[in-house]
Amino acid sequence: MADDSDDTFDNSTESQPVPPSQEVLNEYAIIDDQCVTEVSPSQSQSSTSSDLVNENTRKNEKRRPEMTRRYSISSSAAAASPSLGQQDEYATNLIDTPSIKFPRVNCPEKIIICLDLSSEMESLLFKSRAGDKFSPMKLIKRALGIYLQTKSQINRNHEYALIALHGDAVWVKDFTKDPKEVVNFLDDLSPKSFQCDSFDIGSLFEVISNHVVLPVVNDPTAVPPPFTARAILFYGRSHCVPSILNDEGFKLLNSSPYFFIDAFYVHEPASDDNKCEEVFNFLCDLDTKERSYIFEVAKNLTRVYDHIAQLLAHPLQRPYQKDLYFKINSLRDG
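What you see as residue numbers is a count from 1 along each chain, following the sequence as written. Given that this is a predicted model, residues contribute local features only at a pLDDT of at least 70 and side-chain atom pairs are listed and counted only at 80 or more, while totals for whole chains, interfaces and linings are drawn from all residues. Side-chain calculation: all heavy atoms of the structure are included, whereas hydrogens and water are not.

**Overview of unusual backbone geometry**
With phi around 60°, Glu290 is a residue other than glycine that occupies positive phi space. Here a strand is any run of E in DSSP of at least two residues, a helix any run of H or I of at least four, and the numbering for each starts at the N terminus. By the secondary structure assignment, Glu290 is in the loop between α9 (276-285) and β11 (294-297). Throughout, exposure labels follow a simple rule: accessible area from a 1.4 Å probe, protein chains only, divided by the maximum for the residue type, with under 20% read as buried, over 50% as exposed, and the rest as partly exposed. By relative accessible area, Glu290 is classed as partly exposed at 24%.

**Concerning the nonpolar core**
If you look at the biggest cluster of nonpolar residues, it comprises 37 residues, and the most contacted ones within it are Ile163, Leu204, Ile208, Leu233 and Leu283. Elements that contribute at least two residues to this core include exactly β2 (109-116), β5 (159-165), β6 (169-176), α7 (202-211), β8 (228-235), α8 (248-254), β10 (259-266) and α9. Considering each element in turn, this core owes the most residues, six residues, to α9. Apart from residues lying up to four places away in sequence, Ile208 is in contact with Ile112, Ile163, Trp171, Ala231, Leu253 and Phe259. Put simply, buried Ala, Val, Leu, Ile, Met, Phe, Trp, Tyr and Cys residues joined by side-chain atoms within 4.5 Å make one nonpolar core. Here, two residues are considered to be in contact whenever any of their heavy atoms come within 4.5 Å of each other.

**Brief notes about the environment of Ile232**
In this fold, Ile232 is placed in strand β8. With a relative accessible area of 2%, Ile232 lands in the buried category. Considering only alpha carbons, one finds Ile232 and Ile261, 29 residues apart in sequence, at a separation of 5.9 Å.

**A closer look at helix α6 (residues 179-187)**
What sets the pattern is the α-helix's 3.6 residues per turn: residues three or four places apart point alike. Taken residue by residue, α6 has Pro179, Val182 and Leu186 as its buried positions. Along α6, the residues classed as buried sweep out an arc of 60° about the axis, all on the same side. Contact partners of the buried residues in α6: β2, α5 (136-154), β5 and β6. Each polar contact in these results corresponds to two N or O atoms within 3.5 Å; when the atoms are within protein, one needs to be able to donate a hydrogen and the other to accept it, and residues that are neighboring in sequence are counted only if both atoms are side-chain atoms. Its side-chain oxygen at 3.0 Å from the backbone nitrogen of Lys180, Asp178 defines the N-terminal cap of α6. As used here, the arc is the angular range of directions from the helix axis to the C-beta atoms.

**Examining the packing of α5 against α6**
Running from N to C, α5 and α6 cross one another at 170°; their axes reach a closest spacing of 9 Å. Taken as axis vectors, α5 and α6 run roughly antiparallel relative to one another. Contacts from Lys141, Leu144, Gly145, Leu148, Gln149 and Ser152 in α5 reach Pro179, Val182, Val183, Leu186 and Asp187 in α6. Its residues assigned to classes, the contact of α5 with α6 shows six nonpolar, three polar and two charged. A fitted line through C-alpha atoms represents every axis, and for helices the fit uses only the stretch in contact; the resulting angles, taken between N-to-C directions, go from 0 to 180 degrees. Small angles under 35 degrees read as roughly parallel and large ones over 145 as roughly antiparallel, with 65 to 115 read as roughly perpendicular and the rest as oblique. By the convention adopted, Pro, Cys, Tyr, Trp, Phe, Met, Ile, Leu, Val and Ala count as nonpolar, Lys, Arg, Asp and Glu as charged, and the other residues, Gly among them, as polar.

Dropping the structure here:
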């Protein structure tokens, strides 16, 4: 589905897979020689897995069960969701957003990578089958390098920006179409030695709303937008449940049908000593329109790459997460 033109969209109704380059395959092989996978969408069937599912149950299933994400909205997220009386100029296109049939085109995306820089992104370790150990930060940086390269091959008009998450959110890299520029900037980011008891995720949406003006389309069912905006949140805190102290930024962004938020949660194995399930449920509750992809992983190296690969799909073209079916094959199976 690669689009070599700077002025046109790919108007195909479905995303076409882009063959991985040898460089991408080599990168997988460096991490784990048995973890190279091929992800291909098939008929609608739930199969997204979760580390929060009992291990014995997972071993007895022919296909790993869907992650235990909720599709109902908790009171905290519902309170941050805009009512009809509060919506701004974007609201004319929002009514019953899940039922709107958008043109399924690969229009340019403005992708904002929101990377957690807390100390927990270095303390948790992933172990490959070869015995090598990697921190979540190192793994995510490597996987993002592959993601950005592949995403740029699909459409060279995609743009990428970076937000660093400390005690609050900080915009650190403005939009660029050059994935190498983003990768080089990522290499210079490192976790800070601080523990957080709280994190105001409202600051993240406020920063995004200050840097992104979302498009308004008179007839969203027939006319594609000039671009969409998507925040991809990489969160790695197992003891800190986010909160929304100021929801104005969330309301503004969420009132547009062209803003999406995906989340990738890296955490310790869930237990009574941490708040992993509470954090994961909060992230799921941010998806008030059921258009987000929310993933979580605990110490499973392969799934870091598998889930980030699933984020390649364009928000206007991908199905609901609950309708996904991904077939995972080893390269040895041909």
